[in-house]
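The lines below spell out each chain.
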Amino acid sequence: MSAENGAIFIGTMQLNDTSTTLNGIKQDIYFIGKITASTFTTGDLNRIINKYYKQAQAVIRAVNEDFFMEIATATLLATTGGTYPNEYLFPDDYEKIKQIQVAFTPAIITAPVSSEFQILHLVGQESISDPSAAITIPTAIILDNSFFLYPDPSLGSNLKLPVTGGVKCFYIKKQADLVNDADVPNIFSDYQDVISWGSLIDIAARLGNQTLLNEALAMFTKRIAEMRSHASQRVLELSSPYTDSQSLGGWAYPHGQNSMS
């Protein structure tokens, strides 16, 4: 994804610490289930695997969603080149926006430092009662897949622009399905068998194999609990140092965990 015009964010996953592939999961399923690649179609097997892949991710997310957080950056410009000069697009793969920071006046515009960033107040368009009034508090008016940045950089004659990486977006990323055999599941590497055992529940039921079904149910329940415990031990029980805004109406709530970045 290009970020040349500064209006689109790019970033890198935080959790991805696993080396297991979709093919490896399939090989586990074939071995434990005593089946072959021809027992189910590729589409059916991938659908079953992704069903339990999503369940595994949901367990991790319930402990701390920040395991799936990314920090994307964009260049702060006088105009983003679109219909509205102060409109910035969110990352294409965002699921939840947690926080947006902007460095309006860094000492070095090509290398802003963390202390020069300000946290934007996130509000919805309906929170603006007087469109003609100047917004002086650092603010992001959230739309659907973008936000309007205020104070408007295009009106700031005292600003030195562009600022490289002057906009930071902290967000929870949508997780893609496993499609190709080389795809890597974004869960803890020691717990990839959670996906295998979960998939074997559906497979055993389809095959009418009650023995395998009982074993798969027991192992899936056990490994899910162990993975949840592992995730809990990876982060301290600390309250959040900041509040994120999720409502388009501008209300805020504490998300309850620290960033894993």
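Here, the structure is the one placed above.
Only a predicted model underlies this, so the values are computations on that prediction, with no experimental measurement involved.

Now for the environment of Tyr52. Its location among the elements puts Tyr52 in helix H2 (residues 42-63). Note: C-alpha distance between Tyr52 and Gly198 (146 residues apart in sequence) is 5.6 Å. When near neighbours in sequence (up to four residues on either side) are disregarded, Tyr52 contacts Ile195, Gly198, Ser199, Ile201, Asp202 and Phe220. Within the local environment of Tyr52, its side chain forms a polar contact with the side chain of Asp202, the two groups lying 2.6 Å apart.

Turning next to the packing of helix H1 (residues 22-33) against H2. The angle between the axes and the distance between the axes are what describe a pair of packed helices. Where H1 meets H2, the closest approach of the two axes is 12 Å, and the angle between their N-to-C directions is 100°. In terms of orientation, H1 lies roughly perpendicular with respect to H2. Together, Leu22, Ile25, Lys26, Ile29 and Tyr30 of H1 and Thr42, Leu45, Asn46 and Ile49 of H2 make up the contact between the two elements.

This part is about the sheet that holds strand E7 (residues 146-150). Judged by pairing direction, the sheet is mixed, and its four strands sit side by side in the order E2-E7-E6-E5 without closing on themselves. For this open sheet the edge positions go to strand E2 (87-89) and strand E5 (121-124), each flanked by a neighbour on one side alone. Across the sheet, the axes of successive neighbouring strands diverge by a mean angle of 30°, strand direction being ignored. As judged from the three bridges shared by E2 and E7, these two strands associate in the antiparallel manner. Note on E7: the bridge partner recorded for Tyr88 is Phe147.

Next up on the list: the sheet that holds strand E1 (residues 69-76). Pairing is antiparallel across the open sheet formed by four strands, whose spatial order is E1-E8-E3-E4. Of all the strands in the sheet, the pair left with one neighbour each is E1 and strand E4 (118-119). Both E1 and strand E8 (residues 163-173) contribute to a ladder of seven bridges, which runs antiparallel. The partner of Met69 across the bridge, within E8, is Ile172.

Looking now at the pairing of strand E6 (residues 139-142). Covered by surrounding structure in E6 are Thr139 and Ile141 together with Ala140 and Ile142, the residues of both alternating faces. Bridge count between E5 and E6: four bridges; the pairing is parallel. When the sheet's bridge partners are listed, His121 is paired in E6 with Thr139. Relative to E7, E6 is paired through four bridges, and the arrangement is antiparallel. Bridge pairing links Ala140 to Leu149 in E7. Once E6 ends, the chain turns through three residues before running back antiparallel as E7.

Attention now goes to the nonpolar core. By size, the foremost hydrophobic cluster in this structure holds 38 residues, and its most contacted members are Ile29, Ile49, Ile203 and Met227. Among the secondary structure elements, those contributing two or more residues to this core are H1, H2, E8, helix H3 (193-207) and helix H4 (210-233). Counting residues per element, this core draws most heavily on H2, which supplies nine residues. Leu122, Ala140, Leu159 and Val167 belong to the second-largest nonpolar core, a separate cluster that totals 22 residues.

For the bond running from Tyr150 to Pro151, omega is -5°, close enough to zero to count as cis. On the secondary structure map, Pro151 appears in the loop between E7 and E8. For the peptide bond that leads from Leu161 to Pro162, omega is 5°, which places it in the cis range. Within the secondary structure layout, Pro162 lies in the loop between E7 and E8.

Looking at the secondary structure, you find Lys26 in helix H1. There is a polar contact of 3.2 Å between the side chain of Lys26 and the side chain of Asp181. Here Lys26 is in contact with Thr42, Leu45, Asn46, Ile49 and Asp181, once residues within four sequence places are set aside.

With the rule as written, the count across this model stands at 13 salt bridges. Across the salt bridge formed by Lys222 and Glu226, the nearest N and O atoms sit 2.7 Å from each other. Pair noted here: Lys222 and Glu226 are both in helix H4, with a separation of four residues, about one helical turn. Where salt bridges share partners, they join Glu65, Asp66, Lys96 and Lys98 into one cluster.

Conventions we followed
- Residues numbered from 1 in each chain as written.
- Predicted model: local features only at pLDDT ≥ 70, side-chain atom pairs only at ≥ 80, totals over all residues.
- Heavy atoms only, no water.
- Helix = DSSP H or I, 4+ residues; strand = E, 2+ residues; numbered from the N terminus.
- Contact = heavy atoms within 4.5 Å.
- Polar contact = N/O pair within 3.5 Å; in protein donor to acceptor, adjacent residues only side chain to side chain.
- Axes fitted to C-alpha atoms, helices over the stretch in contact; angles between N-to-C directions.
- Parallel < 35°, antiparallel > 145°, perpendicular 65-115°, else oblique.
- Pairing = 2+ DSSP bridges.
- Buried < 20%, exposed > 50% of the residue type's maximum accessible area, 1.4 Å probe, protein only.
- Core = buried A, V, L, I, M, F, W, Y, C linked by side-chain atoms within 4.5 Å.
- Salt bridge = Lys/Arg side-chain N within 4 Å of Asp/Glu carboxyl O.

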